[in-house]
Amino acid sequence: MTEPPGQPSPETIAEQATVGAAMLSSPQMHDATDLLAPADFANPALGSIWAACVQLGREGRPINPMSVAEQFSPKELRSLGGQGRLIALTAVEVAPSAMQLLYHAERVRDLSTRRRLVNASIQIRQAVDEREDAAQAVEDARRAVDEAAQGVVSADAGATVGDALDAAIDWMEHKPEGAATPWPDVTAATNGLLAGQMITVAARPGHGKSLVAKDVALQTARDGKAVHVATLEMSRNEYMAR
């Protein structure tokens, strides 16, 4: 589909908004990094800017137009339009909010997948016309589609019993160590509190459920880990007093 003269393409709008939101120090940068690669950008210059943002994020450094500019040589920066161009990408009309990074990154990824599928369809047509062996044409077509869909997350189709059993045995032989509890016997029996678990403490009223949660939170904090406590029983001052 041809865009009206002077009208940015959907790719340009999404890609500019993505790098702009990233340079606003978006808290969604970690998740977006896992979702999007520089090669997903139709505009190579914007892909280079995204790569610089990703590198800064991995190094734990601030992500803003100035720090991104420092990732390029003077010649490279001029080819991108200079630091002024980087600043312009963070304008509100380009990137309205740092909190929209994932939305725009998903859009960039979707458009990239569509482009790869179009290219795959061309390759499939060529394979059909050029291959004398239909079976080989099918293999070429399957390979083209697999490459186009690379990185796309699909629904979990499950696993065979054999695969699941091997994974379970490996897990039992190399159990991960979770966060320690205040009680060594409990920690030894459970291997600690593991990420992704939801643990329910059940007891009659007044038998210490809140005390257990408090002690676990304190132990976790003493171990240098961040803790978030949410309670509907007490106000903040009452909980701190306890």
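Look up: the structure comes first, before these words.
> Could you clarify how one ought to interpret the packing of helix 1 (residues 10-22) against helix 3 (residues 44-58) in this entry?
Each pair of packed helices can be described by the angle between their axes along with the distance between the axes. Close contact between helix 1 and helix 3 brings their axes to 10 Å; oriented N to C, the two are set at 25°. On the basis of the axis angle, helix 1 is roughly parallel to helix 3. Of the two possible hands of crossing, helix 1 and helix 3 adopt the one that is left-handed. Between helix 1, through E15, Q16, T18, V19 and A22, and helix 3, the contact on the second element is made entirely by L46, I49, W50 and C53. Looking at the contact of helix 1 with helix 3 residue by residue, the class counts come to 6 nonpolar, 2 polar and 1 charged.

> Honestly, helix 3 in this entry has me stumped. Any pointers?
Residues spaced three or four apart along an α-helix point in a common direction, a consequence of the helix completing one turn every 3.6 residues. When the terminal C-alpha atoms of helix 3 are compared, their 21 Å separation across 15 residues agrees well with the 21 Å that a helix rising 1.5 Å per residue should span. Those residues of helix 3 lying buried are L46, G47, I49, W50, A52, C53, V54 and L56. For helix 3, the secondary structure elements touched by its buried residues are helix 1, helix 2 (29-35), helix 4 (65-69), helix 6 (82-88) and helix 7 (101-130). Just downstream of helix 3, G60 is the residue with a positive phi angle, here 70°.

> Can you walk me through the environment of V19 in this structure?
Here V19 shows up in helix 1. Residue V19 is classed as buried on the basis of its relative accessible area of 0%. When the C-alpha positions of V19 and T90 are compared, they lie 8.0 Å apart, and in sequence the two are 71 residues distant. Ignoring sequence-local partners within four residues, the contact set of V19 consists of F41, L46, I49, W50 and L89.

> I would appreciate a short explanation of the environment of A120 in the present structure.
Here A120 shows up in helix 7. Note on A120: relative accessible area 3%, which makes it buried. Measuring from C-alpha to C-alpha, the distance between A120 and A141 comes to 7.6 Å, with 21 residues separating the pair along the chain.

> Would you explain unusual backbone geometry in this entry?
Negative phi characterises most residues that are not glycine, and trans characterises most peptide bonds. Within the chain, S25 stands out as a residue other than glycine whose phi angle is a positive 60°. Its place among the elements puts S25 in the loop between helix 1 and helix 2. Exposure remark for S25: the relative accessible area of 45% places this residue in the partly exposed category.

Parameters at a glance
Residues numbered from 1 in each chain as written. Predicted model: local features only at pLDDT ≥ 70, side-chain atom pairs only at ≥ 80, totals over all residues. Heavy atoms only, no water. Axes fitted to C-alpha atoms, helices over the stretch in contact; angles between N-to-C directions. Helix = DSSP H or I, 4+ residues; strand = E, 2+ residues; numbered from the N terminus. Parallel < 35°, antiparallel > 145°, perpendicular 65-115°, else oblique. Left-handed = near helix turned anticlockwise from the far one by under 90°. Contact = heavy atoms within 4.5 Å. Nonpolar A, V, L, I, M, F, W, Y, C, P; charged D, E, K, R; others polar. Expected span 1.5 Å × (residues − 1). Buried < 20%, exposed > 50% of the residue type's maximum accessible area, 1.4 Å probe, protein only.

None of this, on its own, says anything about what the molecule does.
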